[in-house]
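Here are the chains, one letter per residue:
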Number of protein chains: 2
Amino acid sequence: MSRLRSYGQYCGLAQALEIIGERWALLIVRDLVLGPKRFTDLRTGLPRIPTNVLSARLKELEAAGVVHRRTMPRPSAAVAYELTAYGSELEEVVLHLGRWGAKSLGDPKPEDIVTIDGEVLALRATFKEDAARGANARHQLQVAEVIVHAIVNDGALTAGDGPLPDADLVMRTDALDGLKLLLSRDISATEAIASGLFTVEGSIAEFERFVDLFGADTQAATAPA
Amino acid sequence: MSRLRSYGQYCGLAQALEIIGERWALLIVRDLVLGPKRFTDLRTGLPRIPTNVLSARLKELEAAGVVHRRTMPRPSAAVAYELTAYGSELEEVVLHLGRWGAKSLGDPKPEDIVTIDGEVLALRATFKEDAARGANARHQLQVAEVIVHAIVNDGALTAGDGPLPDADLVMRTDALDGLKLLLSRDISATEAIASGLFTVEGSIAEFERFVDLFGADTQAATAPA
DNA sequence: CTGGATCCCTCACGATACTG
DNA sequence: CAGTATCGTGAGGGATCCAG
């Protein structure tokens, strides 16, 4: 970071922003929270990032001790980026900021895309542990082309990408905002199915439980202007 | 936010970054967490921010529902900026990020400044509630020209700027890194006084308690590279 | 004096093309 | 696959100016 562009304050927050305050940086961290990724994986998860910027951010994050660049053992010679222990401490902030931003996320614009990692993170971020005590569930969710799954095992969540062959609930929606309407409780689970917005394989009760586990709080959330 | 510069993802974190991801934005929020401020107050708290950027950020934050622009009643006609309820929800993130960044905050560089708000936020961020259960204390701290105070009342912290006339502990240090050495436990409270790094009015026991309340965890913290 | 607006310059970002 | 090279644009930085 050039001295001139520095915030020039001896302050933890300013230092944090010097590290992960640059454009794209925290989104890279977001994708790496879900596990090590290769350069190309990051590109596909962040389709609009220029490669030179991705390159630069990775170097900066590595220099700051947030990301570790690991060269795979032979014969692949592939390169993988993963969070260091220090970088992993950002997970809470990423989830918290994600929840905060989601509140002012309006209707999706046509050009908005949904990425696998974004969706998985959203599941993690909106998961309500107290509503899930002792629960067990195997859910698969498809939004447009993106397929992710959520496994709740005795109240503990494991969310990941890809399908879940033995899921007891499979949900599909084409419209990007279908999930938003459902999870923000603008429409009920029954309405979501009746309107054709969602196709569901599994019991309606299970579908409603999905909304309980991952939907908005029933009490009014703080809304932006 | 221009469409072209948008991250283009329908994702809570991306949305959060569209709002508070721009340069200086979160530092403005940091200063406003401590209470309403006028344009000039923000300038002095962020000495290196260009006024046009401050102007632009305030407008963006206002449009996003994070900041409210309040015109004071007569006769002052002054303008005050304050966080909305939505904006106030960022306090946890600001403190969390501040703690995270502080871990990789090296020795202060000569041009680094310490602001009042940064110092007060640091006190709030590093306060250890569990170490303070039922405690009462009135501390005044001076770092260079910056004077702040911390009041612990039955375990609850109130940190603010300015001196505390009836403090039972008054601490002073000239060097910017004096506080860092002490709170990172690189030197003990006794050493801090013996070396002349700190001048203290009050009992050494109280001074040690200050370190316990606001210092680094005794267990090894995750350190960056 | 506060609360900005305006101008100009630079550099980071963004898009595209290309390489080991 | 994993980046570098090149180049145009616009946001950020710094100084100055202006209205209430």
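Shown above is the structure to which this text applies.
Residues numbered from 1 in each chain as written. Chains lettered and ligands numbered in written order. Predicted model: local features only at pLDDT ≥ 70, side-chain atom pairs only at ≥ 80, totals over all residues. Heavy atoms only, no water.

Trainee: Mind showing me how you'd approach the sheet that holds strand β6 (residues 169-173) of chain A here?
Mentor: Whenever strands of a sheet pair, they do so through backbone hydrogen bonds, lying parallel or antiparallel. Residues and elements named next belong to chain A. The strand order β5-β4-β3-β6-β7 describes an open sheet built from five strands, whose pairing is mixed. Two strands lie at the open edges of the sheet, namely β5 (156-161) and β7 (198-201), each paired on one side alone. The average angle at which neighbouring strand axes cross in this sheet is 15 degrees, direction not considered. Of the pairings in the sheet, the one linking β6 to β7 comprises four bridges and is antiparallel in character. Across the sheet, the residue bridging to threonine 173 is phenylalanine 198, located in β7. Across the sheet, helix α7 (residues 116-126) lies against β3 (137-143), β4 (146-153) and β5, angled at about 25 degrees from β4, the strand it touches most. Contacts from helix α10 (residues 204-214) reach β3, β4, β5, β6 and β7 within the one sheet, and its direction differs from that of β3 by about 85 degrees. (Pairing = 2+ DSSP bridges. Helix = DSSP H or I, 4+ residues; strand = E, 2+ residues; numbered from the N terminus. Axes fitted to C-alpha atoms, helices over the stretch in contact; angles between N-to-C directions. Contact = heavy atoms within 4.5 Å.)

Trainee: Please explain the pairing of strand β2 (residues 79-83) of chain B as it appears in this structure.
Mentor: Consecutive side chains along a regular strand alternate between the two faces of the sheet. All names here are of chain B. Among the five residues in β2, four count as buried, and that is most of the element. Pairing of strand β1 (residues 67-71) with β2, which is carried by five bridges, proceeds in the antiparallel orientation. Opposite arginine 70, over in β2, you have alanine 80 as the bridge partner. (Buried < 20%, exposed > 50% of the residue type's maximum accessible area, 1.4 Å probe, protein only.)

Trainee: It is not clear to me how the side chain of threonine 115 of chain A should be interpreted in this structure. Could you clarify?
Mentor: Within the secondary structure, threonine 115 of chain A sits in the loop between α6 (91-103) and α7. When near neighbours in sequence (up to four residues on either side) are disregarded, threonine 115 of chain A contacts Arg30, Gly45 and Val146 of chain A together with Gln9 of chain B.

Trainee: Help me understand the relation of the copies chain B and chain A, please; the structure alone is not making it clear to me.
Mentor: There are two copies of the chain, and a rotation about an axis plus a shift along that axis relates them. For the pair chain B and chain A, the superposition axis carries a translation of 0.0 Å, the fit reaches an RMSD of 0.1 Å, and the rotation angle comes to 180 degrees. On the angle and the small slide along the axis, the relation comes out as a two-fold axis. A symmetric contact is evident, with 98% of the interface residues of chain B recurring at the interface of chain A. (Least-squares fit on C-alpha atoms with pLDDT ≥ 70 in both.)

Trainee: For this particular structure, what's the right way to read the protein's contact with DNA strand C?
Mentor: Surrounding DNA strand C, one finds 21 residues, the nearest of these being Arg23 and Arg57 of chain A together with Thr51, Arg69 and Tyr81 of chain B. Near the protein, within 4 Å, the atoms of DNA strand C are sugar or phosphate in 73% of cases. Take tryptophan 24 of chain A: an N or O atom from its side chain is 2.9 Å from a phosphate oxygen of DNA strand C. Within the contact set of DNA strand C, a base nitrogen lies 2.8 Å away from a side-chain nitrogen or oxygen of asparagine 52 of chain A. Of all the secondary structure elements, the ones that give two or more residues to the surface near DNA strand C are α4 (51-63) of chain A together with α3 (39-45), α4 (51-63) and β2 of chain B. Top element by residues in the surface near DNA strand C is α4 of chain B. It accounts for four residues. (Near = heavy atom within 4 Å. Polar contact = N/O pair within 3.5 Å; in protein donor to acceptor, adjacent residues only side chain to side chain.)

Trainee: I'm lost on the environment of leucine 157 of chain B in this one. Help?
Mentor: Residues and elements named next belong to chain B. Considering the arrangement of structural elements, one finds leucine 157 in strand β5 (residues 156-161). Looking at leucine 157, the relative accessible area reads 22%, which means it is partly exposed. Each C-alpha atom of the pair leucine 157 and leucine 181 lies 23 Å from the other, and the pair is 24 residues apart in sequence. The residues contacting leucine 157, other than those within four sequence positions of it, are Leu123, Arg124, Phe127, Ala150, Ile151, Val152 and Phe214.

Trainee: I keep staring at the protein's contact with DNA strand D and nothing clicks. Help me out?
Mentor: Taken together, 22 residues sit near DNA strand D, with Arg69 and Tyr81 of chain A together with Arg23, Trp24 and Arg57 of chain B positioned nearest. At the protein interface, 73% of the atoms of DNA strand D within 4 Å belong to sugar or phosphate. Tryptophan 24 of chain B places a side-chain nitrogen or oxygen 2.7 Å from a phosphate oxygen of DNA strand D. Between DNA strand D and arginine 57 of chain B there is a distance of 2.3 Å, counted from a phosphate oxygen to a side-chain nitrogen or oxygen. Listing elements by their share of the surface near DNA strand D, those giving two or more residues are α3 (39-45), α4 and β2 (79-83) of chain A together with α4 of chain B. Here the residues of the surface near DNA strand D are counted per class, giving seven nonpolar, six polar and nine charged. (Nonpolar A, V, L, I, M, F, W, Y, C, P; charged D, E, K, R; others polar.)

Trainee: What exactly am I supposed to notice about the interface of chain B and chain A here?
Mentor: By convention, interface size is frequently given as the accessible area that disappears when the constituent parts associate. Contacts between chain B and chain A engage 62 residues on the former and 61 residues on the latter. In total, chain B and chain A occlude about 5600 Å² of area from one another, counting both sides; carbon and sulfur atoms represent 60% of this. Three residues, Tyr10, Arg23 and Trp100 of chain B, lead the burial of chain B against chain A; their summed loss comes to 18% of the area buried on that side. Applying the counting criterion to the chain B and chain A interface returns four salt bridges. The partner of arginine 23 of chain B in a salt bridge is glutamate 22 of chain A, with the nearest N and O atoms 4.0 Å apart. (Buried area = accessible area lost by both parts, 1.4 Å probe. Salt bridge = Lys/Arg side-chain N within 4 Å of Asp/Glu carboxyl O.)

Trainee: Explain the packing of aromatic side chains here, please?
Mentor: Any pair of aromatic rings gets described here by the distance separating the centres and the angle formed by the planes. Under the criterion given, the structure shown has 10 aromatic pairs over all chains. Relative to tryptophan 24 of chain B, the ring of tyrosine 7 of chain A has its centre 4.7 Å away and its plane inclined at 85 degrees; by these criteria the two rings are edge-to-face. Here tyrosine 7 of chain A, found in the segment before α1 (12-20), pairs with tryptophan 24 of chain B, found in the loop between α1 (12-20) and α2 (25-33), and the two come from separate chains. Of the two residues, tyrosine 7 of chain A and tryptophan 24 of chain B, neither departs from the other in class, the shared state being buried. Ring geometry for phenylalanine 127 of chain A versus phenylalanine 214 of chain A: centroids 5.5 Å apart, planes at 40 degrees, classification tilted. Of the two residues, phenylalanine 127 of chain A sits in the loop between α7 and β3 while phenylalanine 214 of chain A sits in helix α10, which places them 87 residues apart along the sequence. (Phe/Tyr/Trp six-rings, centres within 6.5 Å; stacked < 30°, edge-to-face > 60°.)

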